[in-house]
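This is what each chain is made of:
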Amino acid sequence: MEIKTVPERRLASLRLVGPYSHASISKLYSDLGKWHLSVLEQPAPDEAISITWSDSALADQSTWRLDACYEVAKDTKATGQVRLRSLAGGRVACMKTDVPENEMHRISDYWDWLFSDWLPQSGYEPADRPAYEVYRGASKQPGFNVTLCLPLVNKHAEHDDE
């Protein structure tokens, strides 16, 4: 686990509503990549960000929401179904791992550990911002190099400026 201070990021995103599957998420990123190439005239970046808005253990599958995102320049304009959003900066707990493609379902186990084991002993609380996953190099390797990112605040406000 590494605690970092990260900058705000501007993201182009497409949203999936409903059950998550590798196929549906892959299609979302494929569509976003086609938009990136068509509109920005560049191949999609090697880093993708996935923002999951729903806890699969608590919400009905039909209401699950996931945003597939690529970072873009601040002056980028949205077109079609693509929406622009800001991902707030600040202090973030980052947990890096490699996950084989056929074990992507295990990501929830890492999140469970982060929230149930690490967080209560960390001296931090989750910030009122979405947690997210950063994927790198998926096009160059089988499986995924993923960093789970949990925005944080200190339990004691006087330490928040550290």
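Preceding this section is the structure that the text describes.
Below is a summary of the structure that appears in this document. Note that the coordinates shown come from a computational prediction; the quantities given were computed from them, not determined experimentally. (Residues numbered from 1 in each chain as written. Predicted model: local features only at pLDDT ≥ 70, side-chain atom pairs only at ≥ 80, totals over all residues. Heavy atoms only, no water.)

**A look at the overall build of the protein**
Consideration 1: The secondary structure content of the protein amounts to two helices and nine strands.
Consideration 2: A compact globule built from 162 residues should have a C-alpha radius of gyration of about 15 Å, and the protein, at 16 Å, falls within 12% of that.
Consideration 3: Over its C-alpha atoms, taken along the principal directions, the protein stretches across nearly 45 × 35 × 30 Å.
Consideration 4: Here the protein, with 162 residues, has 38% of them falling under the buried criterion.
Consideration 5: Long-range contacts, defined as pairs at least 24 residues apart, comprise 73% of the intrachain contacts of the protein with a sequence gap of at least 6.
Consideration 6: Surface exposure of the protein reaches about 9,300 Å², of which carbon and sulfur atoms provide 51%.
Consideration 7: Placing the 18 positive and 24 negative side-chain charges of the protein at their respective mean positions leaves the two points 6 Å apart. (Helix = DSSP H or I, 4+ residues; strand = E, 2+ residues; numbered from the N terminus. Rg over C-alpha atoms; globule rule 2.2 N^0.38 Å. Buried < 20%, exposed > 50% of the residue type's maximum accessible area, 1.4 Å probe, protein only. Contact = heavy atoms within 4.5 Å. Areas by Shrake-Rupley, 256 points an atom, 1.4 Å probe, with all protein chains shown as cover. Lys, Arg positive; Asp, Glu negative; His and termini not counted. Charge placed at Lys NZ, Arg CZ, Asp CG, Glu CD.)

**Some points on the packing of aromatic side chains**
Consideration 1: For the structure on display, the rule yields four aromatic pairs.
Consideration 2: On the numbers, 6.2 Å between centres and 35° between planes, the contact of Trp111 with Phe115 is tilted. Residue Trp111 and its partner Phe115 are located together in helix α2 (residues 107-122), separated by four residues, close to a single helical turn.
Consideration 3: Aromatic pair Trp118 and Tyr124: ring centres 6.4 Å apart, planes at 15°, arrangement stacked. (Phe/Tyr/Trp six-rings, centres within 6.5 Å; stacked < 30°, edge-to-face > 60°.)

**Some words on the environment of Trp35**
Consideration 1: Position of Trp35 relative to the elements: it lies in helix α1 (residues 22-40).
Consideration 2: The sequence separation of Trp35 and Gly80 amounts to 45 residues, and the corresponding C-alpha distance is 8.7 Å.
Consideration 3: If we skip the residues at most four places from it in the chain, Trp35 touches Ala12, Leu40, Val72, Thr76, Lys77, Thr79 and Val82.
Consideration 4: Separated by 2.7 Å, the side chains of Trp35 and Thr79 make a polar contact. (Polar contact = N/O pair within 3.5 Å; in protein donor to acceptor, adjacent residues only side chain to side chain.)

**Overview of α2**
Consideration 1: Of all the bends found along α2, the most pronounced is centred on Leu114 and spans about 35°.
Consideration 2: Contacts made by the buried residues of α2 are with β1 (2-6), β6 (90-99), β7 (124-126), β8 (132-136) and β9 (144-154).
Consideration 3: Immediately downstream of α2, the backbone of Gly123 shows phi near 85°, a positive value. (Bend = angle between axes of the 7 residues up to and from the residue.)

**Regarding the nonpolar core**
Consideration 1: By size, the foremost hydrophobic cluster in this structure holds 31 residues, and its most contacted members are Leu148 and Leu150.
Consideration 2: Elements with a contribution of two residues or more to this core: β2 (9-17), α1, β4 (65-71), β6, α2 and β9.
Consideration 3: It is α2 that provides the largest number of residues to this core, a total of six residues.
Consideration 4: Not counting the four nearest positions on each side in its chain, Leu148 is found in contact with Ala93, Cys94, Met95, Ile107, Tyr110, Trp111, Leu114, Tyr132 and Glu133.
Consideration 5: Residues Ile49, Leu87, Cys94 and Val134 belong to the second largest nonpolar core, which totals 10 residues. (Core = buried A, V, L, I, M, F, W, Y, C linked by side-chain atoms within 4.5 Å.)

**What about α1?**
Consideration 1: Over its 19 residues, α1 extends 26 Å from the first C-alpha to the last, a length consistent with the 27 Å expected when each residue adds 1.5 Å.
Consideration 2: Looking at α1, one finds that the buried residues are Leu28, Tyr29, Leu32, Gly33, Trp35 and His36. Buried residues of α1, viewed axially, fall in a sector of 160°; they line one side. Turned more than 90 degrees away from the buried face of α1, the exposed residues are Ala23, Lys27, Lys34, Leu37 and Ser38.
Consideration 3: In this structure, the buried side of α1 is in contact with β2, β3 (47-52) and β4.
Consideration 4: Looking one or two residues past α1, Glu41 carries a phi angle of roughly 55°, positive in sign. (Expected span 1.5 Å × (residues − 1). Arc of directions from axis to C-beta.)

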